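Here are the chains, one letter per residue:
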Amino acid sequence: MSLVKVRNLNKWFGRLHALKDVNLEVREGEVAVVIGASGSGKSTLLRCLNFLEVPEQGQVIFDGKVIDPRRDDLNLLRREVGMVFQHFNLFPHMNVLENIIEAPVMVKKVPREKAIEEALALLHKVGLADKVDAYPCQLSGGQQQRVAIARALAMHPRLMLFDEPTSALDPELVGEVLAVMKQLAGEGMTMIVVTHEMGFAREVADRVIFMDEGRIVEEGEPAQVFSRPQKSRTRDFLSRVLWGSGPAQDCWTPAATATSA
Amino acid sequence: MDFLHYLVTSIPFFIRAAAVTVELTATALAMGMVIGLVFALMKISGRRFWRCIADTYITVIRGTPLIVQLFAIYFGLATIVDFGSFWSAAIALAVHNGAYIAEIFRGGIQSIDRGQMEAARSLGMSYGLAMRRIILPQAFKRVVPPLGNQFIIGLKDSSLAAFVTMKELFGVSMQLASTHFAELQFYTIAGLYYLALVVLFTFLVNRLERRLKIES
Ligand SMILES: Nc1ncnc2c1ncn2[C@@H]1O[C@H](COP(=O)(O)OP(=O)(O)O)[C@@H](O)[C@H]1O
Ligand SMILES: [Mg+2]
């Protein structure tokens, strides 16, 4: 049973065609990892799923229901779809606990006591039980991102979207965030993850989706996509991210400019 | 010395007048804040209709002198509804400062990272709830300095209310100056009272700013 399904999705930013006829289906409990070069439309796809961006064409079907952004209450959809951002976007004027209980209390009207209880359990789960009273600015990037994950989980979403959750982190902090995500995947959460962490994709993903210039070019099991990519664009991209700058034609180096000058 | 004599003997008059100035300014700026917030929200609205109204208001108010606005309300509107001098002055000052405060609020709101609104919306919060709980509390902290500045301008501009017969600081000094034939002395004294109010207010704003800085 697919939890979320995308049909012929098209999104334009002015004249820029950011998503081109995207079709996608993610089953309940599945972990889909989206990879692709910067600007290929990965964030836009994710943001169309919770309607932070409204696609001009196509359908988003959540739990069997076609979402109409003009008629449906998107806030109801968004309660069920958690999102984790590259830059965490914690609320800086609230401490960790307040960040987490804000939406359950204000949106879902969960009694404060119960929301706090759940928040503490979530903080324990992401390994930050001792940071309840801390303000976001007092936390490392890795800690902030784990709080952000807890904040999203506090709404009991059925789908979690991660948009490059570790890209803004110092290398030594990446692991702690990926560990939380891996645990979440193990618990059966349905997840769509945009990331450049190929190790995570290999290990955790049920499916890898490669995007290029607004299209899904290739998708399949990680072993297949990584070891035997069918499309040349996928091969080019993978050789670039896995082996440093390979046959990338858009790769700028000072040496290249120097010799051509 | 005349000056010291006038300064001391006029204390009861000026204290009462200063109270009127403070009351007028506080009333006007409180209303101005509400007007400013409403028009700031209109100005950042997705609807062109609201943005147009806000633009028109801000352009008209900033493009015309306060004294003209004050007379228009006191003499002009008096033919329809008579607000009296206090409310005429308060409304004129509120409408006038509201335009500037709207721009201050708009700037404050727009200075908050877009990710904040997106995070709030992604959690299922409505636009209004996200504004109230997430964006505005952060924006308010940032606008304290420019808002304090606008309040000081508003306080001094309240002196124009003297021209619609208000017995506030400037009105009282005009009266005393002419009855005692001592313009230099009484206008200097009035200036000192304004200065004292502004210095006191600046001190309070600085303290508030420091407290907000410690909090964050
Ligand atoms: N709000 C926006 N306005 C205009 N162009 C945008 C906007 N968001 C994204 N784009 C453009 O759409 C394309 C896809 O962007 P994005 O989805 O962010 O790519 P990715 O996440 O894969 O790096 C890029 O060319 C980007 O510049
Ligand atoms: Mg992106």
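Quick notes on the rules
Residues numbered from 1 in each chain as written. Chains lettered and ligands numbered in written order. Predicted model: local features only at pLDDT ≥ 70, side-chain atom pairs only at ≥ 80, totals over all residues. Heavy atoms only, no water. UniProt positions renumbered as here; feature names shortened; annotations may be inferred. Helix = DSSP H or I, 4+ residues; strand = E, 2+ residues; numbered from the N terminus. Contact = heavy atoms within 4.5 Å. Areas by Shrake-Rupley, 256 points an atom, 1.4 Å probe, with all protein chains shown as cover. Lys, Arg positive; Asp, Glu negative; His and termini not counted. Charge placed at Lys NZ, Arg CZ, Asp CG, Glu CD. Near = heavy atom within 4 Å. Polar contact = N/O pair within 3.5 Å; in protein donor to acceptor, adjacent residues only side chain to side chain. Nonpolar A, V, L, I, M, F, W, Y, C, P; charged D, E, K, R; others polar. Salt bridge = Lys/Arg side-chain N within 4 Å of Asp/Glu carboxyl O. Buried < 20%, exposed > 50% of the residue type's maximum accessible area, 1.4 Å probe, protein only. Buried area = accessible area lost by both parts, 1.4 Å probe. 1 Å grid on protein atoms, 1.4 Å probe; cavity = no way out; pocket = protein on both sides within 12 Å on 5 of 7 lines; lining within 4 Å. Points joined across faces, edges and corners; volume = space filled by probe spheres on them. Pairing = 2+ DSSP bridges. Axes fitted to C-alpha atoms, helices over the stretch in contact; angles between N-to-C directions.

Going by an unreviewed UniProt entry, chain B carries the name Polar amino acid transport system permease protein and comes from Desulfofundulus thermosubterraneus DSM 16057. On record in UniProt, under Subcellular location (unreviewed entry), the comment for chain B is "Cell membrane". Per its UniProt entry, chain B bears the Sequence similarities (unreviewed entry) comment "Belongs to the binding-protein-dependent transport system permease family."

The name given to chain A in an unreviewed UniProt entry is Amino acid ABC transporter ATP-binding protein, PAAT family (TC 3.A.1.3.-), with the source organism recorded as Desulfofundulus thermosubterraneus DSM 16057. Database annotation for chain A, UniProt heading Subcellular location (unreviewed entry): "Cell membrane". The record held by UniProt for chain A lists under Sequence similarities (unreviewed entry) the comment "Belongs to the ABC transporter superfamily."

A. Fine view of the overall build of chain B. Scanning chain B from N- to C-terminus turns up nine helices and zero strands. When its helices and strands are written in sequence order, chain B yields α-α-α-α-α-α-α-α-α. Expressed as lengths along the three principal axes of its C-alpha atoms, the size of chain B is roughly 70 × 45 × 20 Å. A fraction of 73% describes how many contacts in chain B between residues 6 or more apart in sequence connect residues 24 or more apart. For chain B, the exposed surface amounts to about 11200 Å²; the carbon and sulfur share of it is 68%. Charge-centre separation for chain B: the mean point of 19 positive side chains lies 12 Å from the mean point of 12 negative side chains.

B. Inspection of the site of ligand 1 at higher detail. Residue and element names in this part refer to chain A. Lining the immediate environment of ligand 1, one finds Phe13, Leu16, Ala18, Ala37, Ser38, Gly39, Ser40, Gly41, Lys42, Ser43 and Thr44. Gly39 places a main-chain nitrogen or oxygen 2.6 Å from an oxygen atom of ligand 1. Contact distances for ligand 1 include 3.2 Å between an oxygen atom and a backbone N or O atom of Ser40. Surface burial for ligand 1 is 62%, taken as the share of its 560 Å² of free accessible area covered by protein chains. For the shell around ligand 1, the secondary-structure elements that each account for two or more residues are strand 2 (16–27) and helix 1 (42–49). If one sorts the elements of the shell around ligand 1 by residue count, helix 1 sits on top with three residues. Residue composition of the shell around ligand 1, by class: four nonpolar, six polar and one charged.

C. The arrangement of the pattern of salt bridges in detail. All names here are of chain A. On inspection of all chains with the given rule, the structure shows 21 salt bridges over all chains. The closest approach of N and O atoms between Lys125 and Glu187, which form a salt bridge, is 2.7 Å. Residue Lys125 is located in helix 4 (residues 112–125), and its partner Glu187 is located in the loop between helix 6 (171–186) and strand 8 (190–194); the two are separated by 62 residues in the primary sequence. Since its relative accessible area comes to 31%, Lys125 is described here as partly exposed. Arg146 is paired through a salt bridge with Glu176; the nearest N and O atoms lie 2.9 Å apart.

D. Region of the structure containing the interface of chain B and chain A. Each side of the interface is counted separately: chain B has 20 residues, and chain A has 22 residues. Roughly 1800 Å² is buried in total at the junction of chain B and chain A, and carbon and sulfur atoms are behind 60% of that figure. Remark: the boundary between chain B and chain A carries two salt bridges. Run the count over chain B and chain A and you get six residue pairs in polar contact (both at pLDDT 80 or more). For the side of chain B that touches chain A, the secondary structure elements donating two or more residues are helix 6 (114–122) and helix 7 (127–157) of chain B.

E. Main features of the layout of surface pockets. Residue and element names in this part refer to chain B. If you add up the space inside the largest pocket, you get close to 630 Å³. For the largest pocket, the lining is made up of 21 residues, of which Ile44, Arg114, Met117, Arg121 and Tyr127 are closest to its centre. Where the lining of the largest pocket is concerned, the elements lending two or more residues are helix 5 (84–110), helix 6 and helix 7. Sort the elements by how many residues they give to the lining of the largest pocket and helix 6 lands first, with four residues. Of the residues belonging to the lining of the largest pocket, the class tally is 10 nonpolar, three polar and eight charged.

F. Molecular detail of the sheet that holds strand 2 of chain A. Residue and element names in this part refer to chain A. Across the sheet, four strands lie side by side as 2-1-4-5; this open sheet has antiparallel pairing. Unpaired on one side and paired on the other, strand 2 and strand 5 (65–66) mark the two borders of the sheet. Docked against the sheet, helix 1 engages strand 1 (2–13), strand 2 and strand 4 (57–62), running at close to 120° with respect to strand 1.

G. Structural detail: the UniProt feature "domain: ABC transmembrane type-1" (unreviewed entry) in chain B. On the UniProt side, "domain: ABC transmembrane type-1" (unreviewed entry) is annotated at positions that read residues 18–205 of chain B here. Between the end C-alpha atoms of residues 18–205 of chain B the distance is 19 Å, and the span holds 82% helix and 0% strand.

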